[in-house]
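Single-letter residue listing:
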Amino acid sequence: MGEVKKFMYVNRKAPFGTIYALESLEVVLIAAAFDQDVSMVFMDDGVYQLKKGVDTKAIEVKNFQPTYRALDDYDVNKLYVEAEALEARGLTAGDLCVPVEVLTRAQIGKLMEEQDILLSF
Amino acid sequence: MKISILVNEGPYTHEASDSAYLFARAALAKGHEVSRVFFYHDGVNNATRLTEPPQDDRHIVDRWSKLAEEHPVDLVVCVAAALRRGIKDENLAPGFRISGLGQLIEAGIKADRLVTFGD
Amino acid sequence: MLHIVNKSPLDRNSLEACVAAAQAGGALLLIEDGVYAATRGNTAATALKSALDRLTVYVLAPDLAARGMSDALIEGVRLVDYGGFVDLVAEHSTCQSWL
């Protein structure tokens with residue numbers, strides 16, 4: 001396939017209260033096989049998806065956090081996190097399970113303008 | 001213009017599938033091509049033919065089936081999301097097909113626009 | 001680009017997040033419960049007014065009418081029907097639904 005489009009996956013929801021985070025991650029893994037330009041952005045409660053130290057045993061839900069750490073193996077390595085969202089939640093980049101680039105909301109807004117496809121779940 | 005649509009929520013609980021349907025109809029009326037509607041998350045529940053709303057309510061599932069009958073709109077239900085929620089070929093409404101997530105990515109690549117409706 | 005917000009500003013922060021990220025010159029379309037943000041007296045309408053000089057704001061008329069709010073629309077926002085929604089999508093090269 002010739003055409004390469006810029007896909008950005010926008011995650012604004014916390015991980016376990018709803019299924020959106022897990023199913024979005026499944027899309028990103030599939031997308032990686034299509035050789036497109038893929039990035040993920042975590043805004044608002046979406047930053048909680050990356051909070052390390054997850055232990056889901058007692059709620060009997062699959063812990064999919066290791067998948068975020070595997071994204072690099074799929075060549076998905078553009079992970080952006082909203083600075084204001086981290087701050088509002090008492091978090092820093094050091095609390096997250098993967099290396100990320102921290103950007104302001106305005107910077108993320110600018111990046112969005114550069115995309116071909118924005119997918120949010 | 002070639003437009004694809006992503007529906008992330010089931011019928012009736014959320015307005016998302018109504019909005020997506022009305023948007024699709026309006027796009028077709030304007031001469032655009034609605035190439036694919038992809039159903040993900042609880043959106044897969046738009047595809048069950050077991051749906052029976054009260055007589056005085058709109059039939060969301062039938063509406064989609066009719067849309068696909070009248071226009072070459074590809075209604076694709078994500079297989080992984082569908083199996084999680086009990087949507088299989090045996091209860092799939094006419095006009096829908098079950099396929100993989102790759103169909104969503106492909107829709108994004110091939111269409112000029114992808115519009116998402118969700119919660 | 002086109003930003004789409006579908007939730008009440010008093011229920012979710014999607015409008016606030018969208019407005020903070022949206023670049024000047026963009027378009028914002030309020031649909032479903034998002035239309036309440038553009039109604040008189042709503043505290044979000046004040047915030048929305050400050051965004052109006054940076055963004056063109058549209059409201060989906062069928063959703064506004066369904067909620068009995070057609071006569072409460074604030075000034076400066078534009079009403080569109082579903083056809084207008086389609087035009088907005090066609091006119092902008094990308095769209096982001098703030099779910």
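Above: the structure in question.
Everything quoted here is computed from the prediction, not taken from an experiment.

The rules behind these values
- Residues numbered from 1 in each chain as written.
- Chains lettered and ligands numbered in written order.
- Predicted model: local features only at pLDDT ≥ 70, side-chain atom pairs only at ≥ 80, totals over all residues.
- Heavy atoms only, no water.
- Core = buried A, V, L, I, M, F, W, Y, C linked by side-chain atoms within 4.5 Å.
- Buried < 20%, exposed > 50% of the residue type's maximum accessible area, 1.4 Å probe, protein only.
- Contact = heavy atoms within 4.5 Å.
- Helix = DSSP H or I, 4+ residues; strand = E, 2+ residues; numbered from the N terminus.
- Pairing = 2+ DSSP bridges.
- Right-handed = clockwise from strand over helix to strand, strands pointing away.

K.L.:
Would you mind going over the nonpolar core in detail, with residue names and values included?
P.N.:
Of all hydrophobic cores here, the largest spans 87 residues; its most connected members are Tyr9, Met40 and Tyr68 of chain A, Phe23, Trp64 and Phe96 of chain B together with Phe85 of chain C. Aside from chain neighbours lying at most four places away, what touches Trp64 of chain B is Val7, Ser17, Ala20, Tyr21, Val37, Phe39, Asn46, Leu75 and Phe96 of chain B. Counting residues in each nonpolar core, the second largest holds 35 residues, with Met43, Tyr80 and Met112 of chain A together with Leu55 of chain C among its members.

K.L.:
Can you tell me about unusual backbone geometry, naming the residues and giving the values?
P.N.:
Located in the positive-phi region is His41 of chain B, a residue other than glycine, with phi close to 50°. Tracing the chain through its elements places His41 of chain B in the loop between β2 (33-39) and α2 (60-70). Although it is not a glycine, Glu32 of chain C sits at a positive phi angle of roughly 50°.

K.L.:
Run through the pairing of strand β2 (residues 37-42) of chain A, naming residues and quoting values.
P.N.:
Residues and elements named next belong to chain A. Among the six residues of β2, five are classified as buried, and the element is accordingly described as predominantly covered. As paired elements, strand β1 (residues 6-11) and β2 share six bridges and run parallel to each other. By the bridge assignment, Lys6 is partnered in β2 with Asp37. For the crossover that starts at β1, traverses helix α1 (residues 20-31) and ends in the parallel β2, the hand is right-handed. This β-α-β element, β2 to helix α2 (residues 65-70) to strand β3 (residues 79-82), shows right-handed connectivity.

In short, geometric facts, not functional conclusions.
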